[in-house]
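Descriptive structure summary
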Amino acid sequence: MKYLIGLGLLLGLGACAATTGWKANPQGVTLHGEQLAVTFFDGEVCRVDMGGAHSGQLPGCSNPLHYKVDVESDPILPGASAVLETKSTVVLSNGQGRTWTFHTPELRDATGNKIEPPVALH
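The structure contained in this document is the topic of the report that follows. What you are looking at is a predicted structure, and each value in this text was computed from that prediction instead of being measured.

Okay, the sheet that holds strand β1 (residues 26-32) next. Strands belonging to one sheet form pairs held by backbone hydrogen bonds; the direction of such a pair is parallel or antiparallel. One open sheet accounts for three strands, arranged β1-β2-β3; its pairing is antiparallel. The open sheet has two free edges, formed respectively by β1 and β3 (45-49), since each of these has just one partner strand. Within the sheet, the average angular offset between the axes of one strand and its neighbour, ignoring direction, is 15 degrees. In this structure, strand β2 (residues 35-40) lies alongside β3, joined through five bridges in antiparallel fashion. Residue pairing across strands places glutamine 35 opposite aspartate 49, the latter belonging to β3.

Let's shift gears to the nonpolar core. Judged by nonpolar contacts, the single largest core of 18 residues is most densely connected at Leu36, Phe40, Leu58, Tyr67 and Leu92. When contributions to this core are tallied by element, the ones reaching two or more residues are β1, β2, β3, β5 (66-73), β6 (87-93) and β7 (99-104). A total of three residues in this core trace back to one element, the largest contributor, which is β2. Those residues in contact with phenylalanine 40, other than ones at most four positions away along the chain, are Ala24, Asn25, Pro26, Gln27, Cys46, Leu58, Cys61, Asn63 and Leu65.

A few words on unusual backbone geometry. That bond from threonine 104 to proline 105 is cis: its omega, -10 degrees, falls within 30 degrees of zero. With respect to the element layout, proline 105 can be found in the loop between β7 and β8 (107-108).

With respect to the helices, strands and loops of the structure, serine 88 is situated in strand β6. Accessibility expressed as a relative area gives 1% for serine 88, which makes it buried. Leave out the neighbours within four places in its chain, and serine 88 touches Leu31, Val69, Asp70, Val71, Glu72, Phe102, His103 and Thr104.

Our next topic: the pairing of β7. Alternating residues of β7 divide into Trp100, Phe102 and Thr104, all buried, and Thr99, Thr101 and His103, none buried. Bridging between β6 and β7 involves six bridges; their strand directions are antiparallel. By the bridge assignment for β7, threonine 89 is matched with histidine 103.

Procedures and definitions
Residues numbered from 1 in each chain as written. Predicted model: local features only at pLDDT ≥ 70, side-chain atom pairs only at ≥ 80, totals over all residues. Heavy atoms only, no water. Pairing = 2+ DSSP bridges. Helix = DSSP H or I, 4+ residues; strand = E, 2+ residues; numbered from the N terminus. Axes fitted to C-alpha atoms, helices over the stretch in contact; angles between N-to-C directions. Core = buried A, V, L, I, M, F, W, Y, C linked by side-chain atoms within 4.5 Å. Buried < 20%, exposed > 50% of the residue type's maximum accessible area, 1.4 Å probe, protein only. Contact = heavy atoms within 4.5 Å.

Right, here's the structure in full:
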């Protein structure tokens, strides 16, 4: 009996994954000028040259998410966007109501762990 329940759960999860259209959740993003890179928890990295169009779908990506980028400011030094990240908010969505929001650049410590900036209390 417990094997049938386990099999039912496995089939149900498999069907759910098949209908979502993505394999893994996004882990982080980087934005250098017009070059957006999205890293997923399964190790896949999808890149897009936005070319001025700050929204669209990640091309050739097995995780077919839509992106929308709101650029807040370019790096202070002209031409430095190849090295320094552009300050922005990136929203990824799966078209079924699930969204992920990232801010660039992300703060990281010496070991590479993400640092959450202090939250101002109002």
